[in-house]
There are 2 protein chains.
Amino acid sequence: MYEDRVRCAALRSKITTAAEAARLVRNGMRVGASGFTRAGDTKAVPIELARRARDESEPLRITLMTGASLGHDIDRMLTEAGVLERRLPFQADPTLRRAINSGEVMFVDQHLSETVEMLRANLLGKLDLAIIEAAAITETGGIVPTTSVGNSASFAILAEKVIIELNLAQPAALEGMHDIWIPGRRPRREPLPIVHVQDRIGTPTIEIAPEKIAAIVITNEADSPSTVLPADEETALIAGHLIEFLQHEVKRGRMPAQLPPLQAGIGTIANAVLSGFAHSPFEALTMYSEVLQDSTFDLIDAGKIVFASGSSITLSAPRQAQVLAELDRYRDKLVLRPQEVSNHPEVIRRLGLIALNTALECDIYGNVNSTHVGGTHMMNGIGGSGDFARNAACAIFATKSMAKEGRISSIVPMVPHVDHNEHDVDVIVTEQGLADLRGLAPRERATLVIEHCAHPRYRDVLREYYRDALAYGGQTPHDLGNAFAMYTAYKETGSMLGHR
Amino acid sequence: MYEDRVRCAALRSKITTAAEAARLVRNGMRVGASGFTRAGDTKAVPIELARRARDESEPLRITLMTGASLGHDIDRMLTEAGVLERRLPFQADPTLRRAINSGEVMFVDQHLSETVEMLRANLLGKLDLAIIEAAAITETGGIVPTTSVGNSASFAILAEKVIIELNLAQPAALEGMHDIWIPGRRPRREPLPIVHVQDRIGTPTIEIAPEKIAAIVITNEADSPSTVLPADEETALIAGHLIEFLQHEVKRGRMPAQLPPLQAGIGTIANAVLSGFAHSPFEALTMYSEVLQDSTFDLIDAGKIVFASGSSITLSAPRQAQVLAELDRYRDKLVLRPQEVSNHPEVIRRLGLIALNTALECDIYGNVNSTHVGGTHMMNGIGGSGDFARNAACAIFATKSMAKEGRISSIVPMVPHVDHNEHDVDVIVTEQGLADLRGLAPRERATLVIEHCAHPRYRDVLREYYRDALAYGGQTPHDLGNAFAMYTAYKETGSMLGHR
């Protein structure tokens, strides 16, 4: 049975049902599960866990850590079954989001590179169990991850016991596409030796003592497809501004003609903007990113991207079918790494990335809110945006200038939640234009952001705010009594323009 | 003349007066000057420049970049003479501060590790001139820095011309205490090879083509002494809470008994708290920090610190006299590095530092304001606090719980300027107590910060805010209409308690 996938014969006796494996989870446990932006999540055991919690009367509440977001409505089912006591470091599920925002689930929103660093330092408690999706187990017990690495390697290494979901729907050809490297224990930690995006520094499999593997569950189900929307007129304009900016940078000798490696955050805007590079003059591009989306494969197919390093592959349904069927075409152009490596400040700074991430909203001084709707309600989480923006050579935040049919401006006087502050934000771009904030003082930035990035409909209200704020003086002029007036107007009138 | 200090004979012909050297500065230039937290600044040419600007009718306005803050009232004199058009990346002068806050001087507040990175990438324009204090020039033209390295090495390398201030008051024995290492140009940048605080990876001198040295000015003046205040009852309480916390961390196996290397920010509180380690059980401590203050030398003398790496030595007047007279005692226990190395995220993450920095104020959710008084007015700048806090294994922010005789609470509902956000702040400590925020959701943090860190006088108003904010819901509950009510109360009544 499954000889080609469970090549370590001694482990075949561990094959069991998802329901049996789910029994290994006990109330109060800390569980680490694979899955990063819907890719490579475990598809059976968490669902059995939700079923068990619903059906049994005993309390079953756990701390669930993942790489990033999960597919297959797992977070929804676990939330509905009341299983989630604490969740980290990222999520993107509407039901879980509601539970987080009502205070039912404690959500720890973390830089994606830091979760396993904290776990390793014993700061998040002992990890009781890891549940990891695999494409195969090698002769010596090495675990071959699937479409994501995420935190799976460290979860498997640090957990007391490991459950493997061996997913037959994930092609065996995934073997060899991963590069697993784990930092040494301090105080004897050596440099992380990546100096080019394509460098391989580790092993192709996750190496743990095979006796830690407590159960193997066979599954046969594809990843949930990506939820990104297609490019539209506004994302095309954003891409246009950005490509013009980068051409200008090359012309001024600030960037090499080939461009530094690119990073692009998860989501519709970053994906669409990256797609715009297909029509750019840039050639021989590389990526050092976390999620590889449709746009990456579009650019590989177009001959624009020559190599992409990531932590997961998250694709639309048709792209997923095509890429997984033709993995050999992409084999020498891809590597999947642990998210602590893909998002490591050391490598990001060394390579000098161009980092493109999505802002929920930006303020006139260049502070960015990536997470909190209205300053209070969690959307998804900071993800890797902080890992990249802090250390990239050029940190770009993109957003459409308005949301909700124009009732919300994405450019505001003061963001009510700061994920990336003025020290880390180099460029803001909307469909209206681009503001290059580098080397500028806050007063200089304000005018640029208002005139280049805000929607014309909101420019007057922003100009007025800034003009009035100047009376209060300071490095960063603000009228604290009115800094959030646009949010109050939205609450009261349904539009940030209020009664204008 | 000065054969022992200007050992490169060909350069002796460049010796000139400060007034002559100052003539090399022309209107519109970008100038990089040595100096980091008052240490190793140039003491003659900038002052002549201010004099010239006052006395001559021609416009003379420049962009001045330094390592960090300067002594000798240089920033005051340059401001009064109207010389400063743009200033980066840090300052601590009351006159300059006023000019920044009134919008007369454009101040670019940067992470201290990033200025020369941006300069090297051609993002801040061409550097016309470097003015560097030296203790000696070697036979081959190598520049021996004095009590700071700061950005001096990269300024000298990148500038078109270099002025040296050879300061006879700085002991010749400083030679050999520096370790100059500059990252390679991307895309061929190698890892930064420091794996232990005492590692030496570069050269003891700044190596540039000697023909770039356009003038040498002889000075004979000590560094301005440190302005830190002595420890008091409250800083002693903060130190006590912190040492108790660290002992607890060791006991729980989260930190080694020797503790990871320490970083401590500039200023009274961090210096005083570090001094508190003299009475702790910790031994064989090391530092990987930016400024080495009195406390570092107290702990070296007490046998508590075995090695300290920094970018500058900033001491009180008596300590300065003693340390500089007895440098050989400290020679094997110290190294001074470029600030881009002392503050490099790569090394900070690898070594797993304990980073101790001062907060101006913190909010109940763990966001920290380090720079903007009242959310608008610049104090000094973010300095290295962001470099350290983001990548330290444990990022601690210390503040007294109240300022202005209790009329201001340092714990507020929402900070009106965010330098370090909830993702980067691990621990907040005041004289009232310590809040360990790691692995907690914002709602959990709020109660801890209010009950452990806020002054009892302000706990009721904070509890009320939080209770009312809960009605608005969310991951981070806030009532945006009242988030800054304590600031309004202060403005209206002179106290954040308002009319209570």
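Note that this is a predicted model, so its numbers are computed, not measured.

Definitions and cut-offs
Residues numbered from 1 in each chain as written. Chains lettered and ligands numbered in written order. Predicted model: local features only at pLDDT ≥ 70, side-chain atom pairs only at ≥ 80, totals over all residues. Heavy atoms only, no water. Contact = heavy atoms within 4.5 Å. Nonpolar A, V, L, I, M, F, W, Y, C, P; charged D, E, K, R; others polar. Pairing = 2+ DSSP bridges. Helix = DSSP H or I, 4+ residues; strand = E, 2+ residues; numbered from the N terminus. Axes fitted to C-alpha atoms, helices over the stretch in contact; angles between N-to-C directions. UniProt positions renumbered as here; feature names shortened; annotations may be inferred. Buried < 20%, exposed > 50% of the residue type's maximum accessible area, 1.4 Å probe, protein only.

Student: What's the story with the interface of chain A and chain B in this structure? I'm lost.
Tutor: Accessible area lost when the parts come together is the quantity often used to give the size of an interface. Facing 80 residues of chain A, the contacting portion of chain B comprises 80 residues. Partitioning the side of chain A that touches chain B into residue classes produces 30 nonpolar, 28 polar and 22 charged.

Student: What is the right way to read the sheet that holds strand S18 (residues 361-363) of chain A from this model?
Tutor: Where strands meet in a sheet, backbone hydrogen bonds hold them as pairs that are either parallel or antiparallel. Residue and element names in this part refer to chain A. Ordered by their spatial adjacency, three strands build an open sheet running S19-S18-S25, and the pairing between neighbours is mixed. Each having just a single partner strand, strand S19 (368-369) and strand S25 (411-412) make up the two edges of the open sheet. Where S18 meets S19, two bridges bridge the pair, whose relative direction is antiparallel. The partner of Glu361 across the bridge, within S19, is Asn369.

Student: Mind showing me how you'd approach the sheet that holds strand S3 (residues 62-65) of chain A here?
Tutor: All names here are of chain A. The strand order S1-S10-S9-S6-S2-S3-S4-S5 describes an open sheet built from eight strands, whose pairing is parallel. Whereas interior strands pair on both sides, the edge strands pair on one side only; in this sheet they are strand S1 (15-16) and strand S5 (106-107). Note that strand S2 (residues 30-33) and S3 share three bridges and pair parallel. Bridging from a neighbouring strand, Arg30 pairs with Thr63 of S3. Lying on the sheet, helix H2 (residues 45-55) is in contact with S3, strand S6 (129-134), strand S9 (161-167) and strand S10 (213-219); it crosses S9 at an angle near 115 degrees.

Student: I would appreciate a short explanation of the UniProt feature "active site" (unreviewed entry) in chain A in the present structure.
Tutor: All names here are of chain A. Annotation from UniProt places "active site" (unreviewed entry) at Glu290. Residue position: Glu290 is located in the loop between strand S12 (285-288) and strand S13 (291-292). According to the relative accessible area criterion, Glu290 is buried, its value standing at 4%. In this view, Glu290 contacts Phe36, Leu112, Gln263, Gly265, Gly310, Ser311, Ser312, Ser342, Asn343, Gly384 and Phe388; residues no more than four positions away in its chain are not counted.

Student: I'm lost on the environment of Arg26(B) in this one. Help?
Tutor: Residues and elements named next belong to chain B. By the secondary structure assignment, Arg26 is in the loop between helix H1 (18-22) and strand S2 (30-33). Counting along the chain gives 33 residues from Arg26 to Pro59, while the straight-line C-alpha distance between them is 9.1 Å. Filtering out sequence-adjacent residues up to four positions away, Arg26 remains in contact with Leu60 and Ile62.

Student: Would you mind going over the environment of Asn357(B) with me for this structure?
Tutor: Residue and element names in this part refer to chain B. Within the secondary structure, Asn357 is located in strand S17 (residues 354-358). The class for Asn357 is buried, based on a relative accessible area of 4%. Taking the C-alpha atoms as reference points, Asn357 and Lys126, 231 residues apart in sequence, are found 33 Å from one another. When neighbours within four sequence positions are excluded, Asn357 is seen to be in contact with Gln263, Gly265, Ser385, Phe388, Ile396, Phe397 and Ala398.

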